[in-house]
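The primary structure of each chain is shown beneath.
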Amino acid sequence: MKIWDLHCHLSGLGGRTPDESMARLIALADRMGIERVIVFMGVPHAADPSPEDLRKQNDQVLQALSHWHHRAFGFVYVSPKHVEASLHEIDRCVRDGPMVGLKLWVAARCDSAEADALVRRAAELRAVIFQHTWIKTQGNLPGESTPTDLAALAKRHPDAAIICGHTGGQWEIGIRAVRETPNVTIDLAGSDPTAGLVEMAVRELGARRILYGSDAPGRSFASQLAKVYGADVTDEARRLILGENLQRLLTPILRAKGVKL
Ligand SMILES: [Zn+2]
């Protein structure tokens, strides 16, 4: 079965360079039969990156990808707090570079005019947009988006391919929040491997709107794969979730870039 992992990082692998970290990540992926990984953000993670931080973090990912184009893709790290710098990074890393998506984290909430500008540019380039979302019991960070914020953003950009990172952590709420925005797919990564997540997502969204991701190395490949392997869903749904959906989502930009799989 083709497995593509939507959600991996370089931080936490212990390599002295991006190349070492990337080699370690691929070695772990090989053990689990994972064919392709998507990587975003550098070392250490910068929650509220300056324009300089964005450039440095993206440089690390570009370096990490440089020997692994046959196994990995990258998303460019951007921040709605720095629109001009982020647009520049999108041009540098996606339009003129090898990256195929955007990563937005917790610097500023995504339901904003600033995020609109980044999403518009991504959509022009057919890049997919990954936004971290969470619903924290103790309260979110000031700039941390919820799935509801993401749904509001996605409604304004029906042609953009938008991914709801972590499905909000509290996935029963997250799945419902994005149900009426068909251009949103959900990311299974980074929460505990609780039974019922994949089953509810298939029931409420359909298998085509669900993407396997791990958040490795912060989470193990095994525990996150288990969410999908252990789910009571059809083999067809499992194939879509583990790899086919992500490949389909990336096909427009890969075609535009002339990337052959
Ligand atoms: Zn992550």
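Everything that follows concerns the structure shown earlier in this document.
All values reported here derive from a predicted model rather than from experimental measurement.

1. Remarks on the coordination of the zinc ion
Here is step 1: Distances from the zinc ion to its protein donors, namely H7 (NE2), H9 (NE2) and D215 (OD), fall within the range 2.0 to 2.2 Å.
Here is step 2: Along the chain, the residues donating to the zinc ion are arranged with the sequence spacing H-x1-H-x205-D. Note that H9 is positioned in the loop between β1 (4-8) and α1 (18-31) and D215 in the loop between β8 (210-211) and α8 (221-229), a separation of 206 residues in sequence.
Here is step 3: Accessibility expressed as a relative area gives 14% for D215, which makes it buried.

2. Things to note about the packing of aromatic side chains
Here is step 1: Tallied over the entire structure, the rule returns 3 aromatic pairs.
Here is step 2: With centroids separated by 5.1 Å and ring planes inclined at 40 degrees, the aromatic side chains of F40 and F130 adopt a geometry described as tilted. Remark: F130 occurs in strand β5 (residues 128-134) and F40 occurs in the loop between β2 (36-39) and α2 (51-65); sequence separation between them is 90 residues. When sorted by exposure, F40 lands in the same class as F130, which is buried.

3. A word on the pairing of strand β3 (residues 72-78)
Here is step 1: With respect to burial, β3 is a largely interior element, 7 of its 7 residues being buried.
Here is step 2: Judged from the 3 bridges that link them, β2 and β3 form a sheet pairing that is parallel. Counterpart to V39 in the pairing with β3 is G74.
Here is step 3: Both β3 and strand β4 (residues 101-104) contribute to a ladder of 4 bridges, which runs parallel. Note on β4: the bridge partner recorded for V76 is L102.

Thresholds applied
Residues numbered from 1 in each chain as written. Predicted model: local features only at pLDDT ≥ 70, side-chain atom pairs only at ≥ 80, totals over all residues. Heavy atoms only, no water. Donors = N, O, S within 2.8 Å, 3.2 Å for Na, K, Ca; no water. Helix = DSSP H or I, 4+ residues; strand = E, 2+ residues; numbered from the N terminus. Buried < 20%, exposed > 50% of the residue type's maximum accessible area, 1.4 Å probe, protein only. Phe/Tyr/Trp six-rings, centres within 6.5 Å; stacked < 30°, edge-to-face > 60°. Pairing = 2+ DSSP bridges.

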